[in-house]
Each structure stands twice: as structure tokens, then as C-alpha cells.
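# Results of the structural survey
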Amino acid sequence: MAAAVAAAAAGSSSVEFIRARSDKREYRRVVLANALEILLISDPDTDKAAACMEVEVGSFSDPEGLEGLAHFLEHMLFYASEKYPGEHEYTKYITEHGGSYNAYTSSETTNFFFDVNVDNFEEALDRFAQFFIKPLMSQDAVLREIKAVDSEHKKNLLSDGRRIYQLQKHLASKDHPYHKFSTGSWETLETKPKVRGLDIRLELLKFYENYSANLMHLVVYGKESLDCIQGLVERMFSDIKNTDQRSFKCPSHPLSEEHLQLLVKALPIEEGDYLRIIWPITPSIQFYKEGPCRYLSHLIGHEGEGSIFHIIKELGWAMNLMAGESTDSNEYSFFSVSMRLTDAGHEHMEDIVGLIFKYLHLLKEDGVHEWIFNELVAINEMEFHYQDKVHPINYVKHTVSTMRLFPPEEWLVGAALPSKYAPQRINVILDQLSPETVRIFWESKKFEGSTSSAEPWYNTPYSVENVTPSVIQQWIKKAPTEKLHLPKPNIFIPKDLSLKEVHEKVTFPTVLRKGPLSQLWYKPDMLFSTPKVHIIIDFHCPLSSHSPEAVVATELFVDLLVDYLNAYAYDAQIAGLFYSIYLTSAGFQVSLGGYNDKMRVLLNAILVQIANFEVKPNRFSALKETSVKDYQNFNFRHPYSQASYYVSLILEDKKWPVAEKLEALSKLESDSFAKFVPHLLSKTFLECYVQGNIEPSEAKSVVEEIENTIFNAPNSLFKSMSPSEYLTKRVIMLENELKCYYQTEGLNQKNENSSVIQYIQVHQDDAILNIKLELFSLIARQPAFNQLRTVEQLGYITSLSLRFDYGVLALQVVIQSTVKDPSYLDVRVDEFFKMFESKIYELSDKDFKRNVKSLIDSKLEKFKNLWEESRFYWREIGAGTLKFDRVESEVAMLRELEKEEFIEYFDHYIKVDAPQRRTLSVQVFGGNHSAEFNKTIAEADPPKMYRITDIFGFKRSRPLYSSLKGGPGRITMD
């Protein structure tokens, strides 16, 4: 496939952008007089506009002894500017106009980005531009934001991913910036600078001088014409100073000889053993047309028969494997093979490493295969030309990262289309994956008490041993003798990418077929003209969730299905055909998405595996062991995540506690599990959804095939169920004018963070009530964040959002904090709502209409791709609401909504002491607040408050909301 080309003017010159054939957008490269290089994108179909600025200044530029300064500056630019001096005017404007914003600091760059409703783009873009022209950095804001950076760092302290990454950096040359700590903390940005007599605000202003227009790249995505967008950027961004700064040039590789041939044993926080084998390599960005690392990661990371993973999985040693290049610089790079080990795998670490080196030897002996390279080229081209449209904010983020690395004509494609077959380049990288340069990082709780050092920033215990090439040779000799071989040609690469003719225009999904075993919902692709299909099969099994034992056994059944299918279905995923099987509240679900040509081949394999399920004791043991550890790791979740779990446990009927599920799983044996599976499947109903490039007759034939394979095969375990056995999930109704609260200690007292979730239950799904609640959330979201996080500095994780639980809508405020205990946080949330009453009552007609318009614009946002559309309709089917015209009906009501109605709604349901306010406060006390916990549980209940001490007794005492599934006039089984 030859890539399509689009000509675009850039001043007097033009750029021919290589782009996807399906891409109808217009592009233009512009360079302003201040040397700022810009990509303009015009998309007349978009309803969101977006922009992203990449500045070639990152954490590697942090001055010595001021670790985290680049990240701190990223935070500070959000505050205010000379042109817009009100604190957080930018974030307030974006939030109020249907948008989102964020930023991140990496090693060599800092990226800022946002999206917003198209009608508000000009004003949002002007506020954004001020980040880079004249930001204000008040002393007061500086101190507050150091606390926010410190809170972010404390949130990360118990993250194993961050801890191991920092350990890898620690074991590198001390004079290389890779070695540094980059996040920043109170210690690095306040305590130590003060000791040295430094004014951190002056250091910040000095560091900001590195932000020069010649080090910036900007992508702007709008609805208007290119000329119009160009006019905007010239007017808004020309005032950015160009001080002709030089971009940071990383010194050579961060690893010297002393950092190679290492085995590092590290002690993690969570349960689970991990092994990472890492080599320094030449960055493949230097050979992106040849794509050497793509070729090697395809083979080393393959999961089909004959692969490294397939062999170690069959031996019961590993649960997954990933291989590929990772880098944060153009000057150096790493190739890594990482995996999660089982307990048996931990005992065979040397054999696993030996097997990997055996496979590398096989690749050298066997030589580079042109057919494998060509197969990858074909897949990459197909993926590129048939790529799904994504949200503009994601598109600008991705595209800006190519601008400093590739010539302008390749900005839209980057390294996605390697096309030059160069075996010598592949061999250069392959030769670098040698015993002489290897670093092995091995994480396990089993190393407790046997480590000798601690990494200084995260305090990760570790020890280091040397692993010489001769030791590796011994490991290779004793490695498994199972036959390693290269993958066979991929049978899932689609040949037929033609589009089916749609004979009947269908606006919403319709029931195409209905019987005692299944029901089929169908919708052809009317919007995207793509050769793809989405199929969902919901297995409704009422015996899947009646006890903790049933839930964990069903979960294990699903895990085993995926495990059994992995070797065969891996090729399908490489060829753009994805599937997942996951647990639901009433059974399990199979979802397939991708090119329709070979979809039925994959579907048939999945169905046969389900229909002929058998228990393989060795896989049962390996998956049970991993699942037990995952349940144990619940204790190490963030406190706000634990609080969210308790909210669900209190609200939902038939939800079982993690502790009971862990106990049931620990006792589950393979023989009793083998007896459970036929029991589980003996009552089943299938709800099917088919959408995309598929004709109605084929959709019917797919479901007939499903029924024949599942129900009608000889000795089938599946039996139909009666309508009376249909399960629905329901939610308890809280009491008006009463605040229920549940207080508990965090499950990991080493975590200093505490958390509160204040949940305000409002009503069941109802169009007019929904829009009022959504409008309140839109108006209150940014002020809540500003008051609770920015002004009161309660914690880095702070949010006000909507929550949906099985058709019941609510508001929830989440705060995680090290500085204050949860009962104090809960009081501050109440105070915010009291303070906010006046804002609601004083809302001008103009502001009210502006907020209503913003909500309408967000609701009318078009689906970007087939998956978004089908997920929307499937949510309606799954919930039983079937409001396929939800957007249109809610928008019509919003257009008629009066301010007085909205205020009345607020008075009725949301304000503190409202007659129908129903509140639940879940408070998780972390290690910093154990004294406060002991004090608070001894206190008597204040008026209009009820302490929950027995969750299940409380649930039994409360009425339930009705289920929306199978209600009057809705299509059900019978």
C-alpha cells in the first residue's frame, strides 16, 4: 500500500505530508518569526478543538541540587499570567467549556495540552499561550504548589513501578542526568534550597528563561480553515521570546562498565515476583526506516508456539512477557524483556534467563527472515491506513512528539511505517543483547531480610551481584531443552477489506433475532466506513455470583479461558483483531473487535474453547496462585481506591468482600472447581450485540453459530435458563436528611495517606433529573478542585465528579491526603458545599446559559470511531435503559431548562441539609492518622448522622432501588 500524500503550504514553501488514506483533515506547517514551529490541523467535522505545546526542557535540565524544578515549573504555569491574573483562569475557562487539560514532564521535554468545545477555542488558546509569554509566579502560589508536588511524590512512594524505575536510574553513572530524581518533593524544593540560602521562586524564574520559542513545537487542531487558525496562532504566539537557547544534549550512555553484568535483587511493596532483563542499545530512532527493534520485539515478545513465553508458561514459570525498546532520550536506549513470575518461576530464574539467551542465539543462527519483516510491514501499513480517529487532545499529544524527531513530511507517520529491509541493522541490535552488557532486575518479597542497600529516594531495599558471561553460559546449558522456533506465517492478516453495502438506514440498534437461548441486537456501520466489526456476547449465568465461592470460581474460569486461547489468538491481536473475556456482575462477557475478514475464525476458536472447557491442573495452580496474590495486593491500593471499594460494598446488593473472596479462593481446589464449571454453565442466556461492517444475514448467522457451538453440541455443559432466574444488580437507597458514615483504618498502615469519599446519592436514571445533576457537576467541578486542593492544600488527589451505580446517579467528592485526617476532610467538603450555595444563588442568567450551552456542546460531541459508538449503545442495553436517543432527548430538555428549576433542584437534593440529600461518607485512615482514628471511633454520633459499624446489617435494613433491566415496555427474554 502506498501512503497517501497531502500538500500543505508553509509560507512560500510547501510540505507533502505522508498521511493515512482515510484521513480527510488538512495540515500546514508554519514557522513564526520567533522560530516557533507549528503544525496546524483543520478538521471541519470536529466538535472539540485542541492544542499541545512541547518544550525541549525537561527534568534532565534540573540544576544540580534542585531535583524536580522542571516538574515544579510545569505545575506553576497553570496558576496565572499577566494578561489573565486571576488564579486558575485557564483551568476554570477550560473546565466550564467542556474541556480538559493536563501536562507532564519527561527527561528532555515538558508537554502542555488541552481540549475545549470548538466555539470557545480562541479564548482558551489565548489563555494557553500566556503560559509561554508572561506567567505570574507569586510567592504564595509557589509555596502552595511545592506542597502539591510533595503530595504527588508521597502518593508515588509506595508504587513499585516508580520504585524499580528509580532503582534502575540509581544504578547508573552519578554524573549522568539519567541518575537523577526528577519528581521533586518538599525536601528538594523547600528544605534543602533554604539551607543553601536559595530563593526557590528566583530559581524558578531563572529556570523559566530556558523556555525559548526556538525550543518549542506546537500543534493546533481546530474546526476553522487553515488560514483562520494560522491567523490565531500568529496573533497569540508571536510574543513568545526567542532567546536562542540550545536544546539539552544528553551525554553518552548513562551506564559504564560497573553498571553492566549485574543481578539486582529488589524488595517490592506488593505481592508478586517480577523479572526484567535489560540491555543498553543504540536508539532505534536512528534507524526508524529499518525498524530493527520492531522486528526483534515481535519475535522475542511473541506468545505463540515455539516462543520463549509459550515454553515458560507451559512449564508454569511465568504469567506474561513483554519485550521491546524503552527510552527517554535520543542519545541512549534500552531493550528489555520483562515478565511476572510464578513461585515456581522464581526458583527457575536462571533457567529463564538461559532460555532467553538461547532464543537470541537461535535468532543469530537462523538469520534475519525477509518474510517476517514483510509481514510486519504489511500489518503496519494496514494499521496506519485504517487507523481509527481519536479524540483531538490525544491526536495533538501524539503528533507533537514527532515534530522534533522527524522531517516535516513525516510528522503524521513518525516511526510507524518501517519499510527498508536491512538485516545488518537488525543484527547490530541483536549483537548488543549480549551477556557482556546485561542488567537483570529481580523483584520478590522472598528477598526480605537478605538485601544490603537502600535506594535513597524511595528507600527500596536491594542488593547487587555480578553476573559474568561465563555464568550466563552455565545458565544457557541448563536451560529447558523444549524446542524454540520462529512463528509461522500469520493466518489472521485480513485479505478482504471491502465495505459491505448498507441496504437499510438504521439509526439505532434493533433486535434482529430473539429466542429462549439468546437475543441479538444489531446495527450496521453508518458513520465510519471502516472494514471493522464489534461483537459482544454477554453470558448471563445466574449461578456465577450467589456466593464468594461462585464469584472467584467464575473469575478463575474466565482467566483460564484467556490463558488457553493465548498461544492461538496472539497472532490475531498482532493483525488488529482484539478480544477480551471478562467477569461481569451476572456472568462473563466475550468482546471481539477489529477487521471483520477473519473475525469468525477467531470467534469460532473462542467458542470451541468455551464449549469444550476442561481443567488443566498445572494451569489451574498457576492462575490460582497469581489471583491469590492479586487479592492480597488489594491491601496496597491507594486509600482513595480502598474508599471507593467500600462505597460499592455498602451500596450494592450481592457484592462480596475482598477478604471473603480471598478466603474462598485460597480453599478452592481443582477437583471442586471442575465440578463447579458445569454447574455455572447449566443456566445461561446470551445477549449479543453486533455492530460494524457486517450484513444482517451474517449477524444472524454468527449468533446461530454461537448457539450451535454453545448449546447444541454433543455433551454440551450449557443449558438454557428460565426468565424467572434472570439476575439484576440493585443499589440500596440511603435515607433523606441523614449522613451515614463508615470509618476504617487503611489496610496498609505504612501508607501515610488517608482518604475520604463523600457520596451524595441523588436519583435513578431520569432524563430531566440527569441533566440538572450533570449541570451542577460541570459548574462545581473546578471550584471544588480549586478550593480543596489549591487553596486549602488538602491533597494532590482531589475531585468532584458524577458516579453511576447500576442506574443510580450520584455526586462524589474524593480527597486523598497526608496532611489531614478523613473526618476533617469530610467537614471541609461540607463547608465547600455551604460556601458554594451563594455561587449557585448568585449565578447570573448569562453564566447559567453559558454553562447550559457548554453541557449541550459536550453532549453533542460526535462518536470518533466504531468502538465509542458501540460502547454507548451497549451501555444502554446492558443497563436495561434502552435510551438510544438519550443525547437528543436530554439536549432538548436542556434547551428548555430554566435557572429557577435548576436552583430548586439544588435546594432539594444537593445543598447541605436539603430535604432529599442522602449522603454516605467513607473515611479511610492512613498511617499518619491512627491516633485520630482511635479518637473518632470513640465519639458519639452527632445529630442527623449514623455510623455504619456492620456493613451487611446496614444493607439489610435499607430498601433497594428498582432494577432498570426488564422494566415495563422493555425488551426482555420472555
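Note that this is a predicted model, so its numbers are computed, not measured.

This part takes up helix α4 (residues 139-156). The terminal C-alpha atoms of α4 lie 26 Å apart, and with 18 residues this matches the ideal 26 Å at 1.5 Å per residue to within 8%. Counting buried residues in α4 gives 13 out of 18 residues, a clear majority hidden from the surface.

A word on a nonpolar patch on the surface. A surface patch of nonpolar side chains, amounting to about 260 Å² of accessible area, comprises Ile-491, Tyr-568 and Val-601. With respect to the element layout, Ile-491 can be found in the loop between α16 (469-478) and β18 (510-514).

A separate point is the UniProt feature "domain: Peptidase M16 middle/third" (unreviewed entry) in the chain. Residues annotated by UniProt as "domain: Peptidase M16 middle/third" (unreviewed entry) correspond here to residues 384-664. Helix and strand shares over residues 384-664 are 39% and 18% respectively, and the end C-alpha atoms of the span are 47 Å apart.

Before going further, it helps to spend a moment on the packing of helix α12 (residues 349-366) against α16. The N-to-C vectors of α12 and α16 enclose an angle of 90°; their axes lie 7 Å apart at closest approach. By the angle between their directions, the pair α12 and α16 is classed as roughly perpendicular. The residues of α16 that touch α12, namely those facing Met-349, Glu-350, Asp-351, Val-353, Gly-354, Phe-357 and Lys-358, are Ile-472, Trp-475, Ile-476 and Lys-478. Taken together, the residues that form the contact of α12 with α16 break down as six nonpolar, one polar and four charged.

Moving on: the sheet that holds strand β3 (residues 26-31). Judged by pairing direction, the sheet is mixed, and its six strands sit side by side in the order β3-β4-β10-β5-β8-β7 without closing on themselves. Both outer strands of the open sheet, β3 and β7 (100-105), are each paired with one neighbouring strand and no more. Pairwise comparison of adjacent strand axes, ignoring direction, gives a mean angle of 10° for this sheet. The pairing of β3 with strand β4 (residues 37-42) spans six bridges and is antiparallel. Note that in β4 the partner of Val-30 across the bridge is Ile-38.

A few words on the packing of aromatic side chains. Overall, the coordinates contain 62 aromatic pairs when judged by the stated rule. Where Phe-17 meets Tyr-27, the ring centres are 5.9 Å apart and the plane angle is 50°; that geometry is what we call tilted. Of this pair, Phe-17 sits in strand β2 (residues 13-19) while Tyr-27 sits in strand β3, and the two are 10 residues apart along the sequence. Each member of the pair, Phe-17 together with Tyr-27, is buried. By the ring-pair criterion, three or more aromatic residues cluster together here, those being Phe-78, Tyr-90, Tyr-101, Phe-112, Phe-114, Phe-121, Phe-128, Phe-131, Phe-132, Tyr-208 and Tyr-211. The ring of Tyr-824 has Lys-820 lying over it, and the distance from NZ or CZ to the ring centre is 4.9 Å.

The angle between the axes and the distance between the axes are what describe a pair of packed helices. The contact between helix α17 (residues 548-574) and helix α21 (residues 658-667) brings their axes to 8 Å, and the two run at 65°. The orientation of α17 with respect to α21, classified from their angle, is roughly perpendicular. Viewed along their axes, α17 and α21 form a crossing whose handedness is right-handed. Only Glu-660, Lys-661, Ala-664 and Leu-665 of α21 make contact with α17, whose side of the interface consists of Pro-548, Glu-549, Val-551, Val-552 and Leu-556.

Further remarks concern the sheet that holds strand β27 (residues 808-817). Strand order in the open sheet formed by six strands is β26-β27-β25-β28-β24-β29, and the pairing between neighbours is mixed. Each of the sheet's edge strands pairs with one partner strand only, and the pair in question is β26 (797-805) and β29 (945-947). Across the sheet, the mean angle separating the axes of adjacent strands is 20° when strand polarity is ignored.

For the chain, the domain assignment lists domain 1 (1-238), domain 2 (257-391 + 409-478), domain 3 (510-712) and domain 4 (731-961). Between domain 2 and domain 4, the C-alpha centre-to-centre distance is 44 Å. Facing the four residues of domain 2 at the interface are five residues of domain 4. The junction of domain 2 with domain 4 conceals about 430 Å² of combined surface from both sides, 44% of it contributed by carbon and sulfur atoms. Summed over the three residues of domain 2 that lose the most area to domain 4, namely Asp-388, Lys-389 and His-391, the buried surface amounts to 86% of that side. Put simply, domain 2 and domain 4 have four residue pairs in polar contact (both at pLDDT 80 or more) between them. For the side of domain 2 that touches domain 4, the class distribution of residues is one nonpolar, one polar and two charged.

About the criteria used
Residues numbered from 1 in each chain as written. Predicted model: local features only at pLDDT ≥ 70, side-chain atom pairs only at ≥ 80, totals over all residues. Heavy atoms only, no water. Helix = DSSP H or I, 4+ residues; strand = E, 2+ residues; numbered from the N terminus. Expected span 1.5 Å × (residues − 1). Buried < 20%, exposed > 50% of the residue type's maximum accessible area, 1.4 Å probe, protein only. Patch = residues over 30% accessible without salt bridge, like charges linked within 9 Å, V, L, I, M, F, W, Y side chains within 5 Å. Areas by Shrake-Rupley, 256 points an atom, 1.4 Å probe, with all protein chains shown as cover. Salt bridge = Lys/Arg side-chain N within 4 Å of Asp/Glu carboxyl O. UniProt positions renumbered as here; feature names shortened; annotations may be inferred. Axes fitted to C-alpha atoms, helices over the stretch in contact; angles between N-to-C directions. Parallel < 35°, antiparallel > 145°, perpendicular 65-115°, else oblique. Contact = heavy atoms within 4.5 Å. Nonpolar A, V, L, I, M, F, W, Y, C, P; charged D, E, K, R; others polar. Pairing = 2+ DSSP bridges. Phe/Tyr/Trp six-rings, centres within 6.5 Å; stacked < 30°, edge-to-face > 60°. Lys NZ or Arg CZ within 6 Å of the ring centre and 35° of its normal. Left-handed = near helix turned anticlockwise from the far one by under 90°. Domains from an automatic or database assignment. Buried area = accessible area lost by both parts, 1.4 Å probe. Polar contact = N/O pair within 3.5 Å; in protein donor to acceptor, adjacent residues only side chain to side chain.

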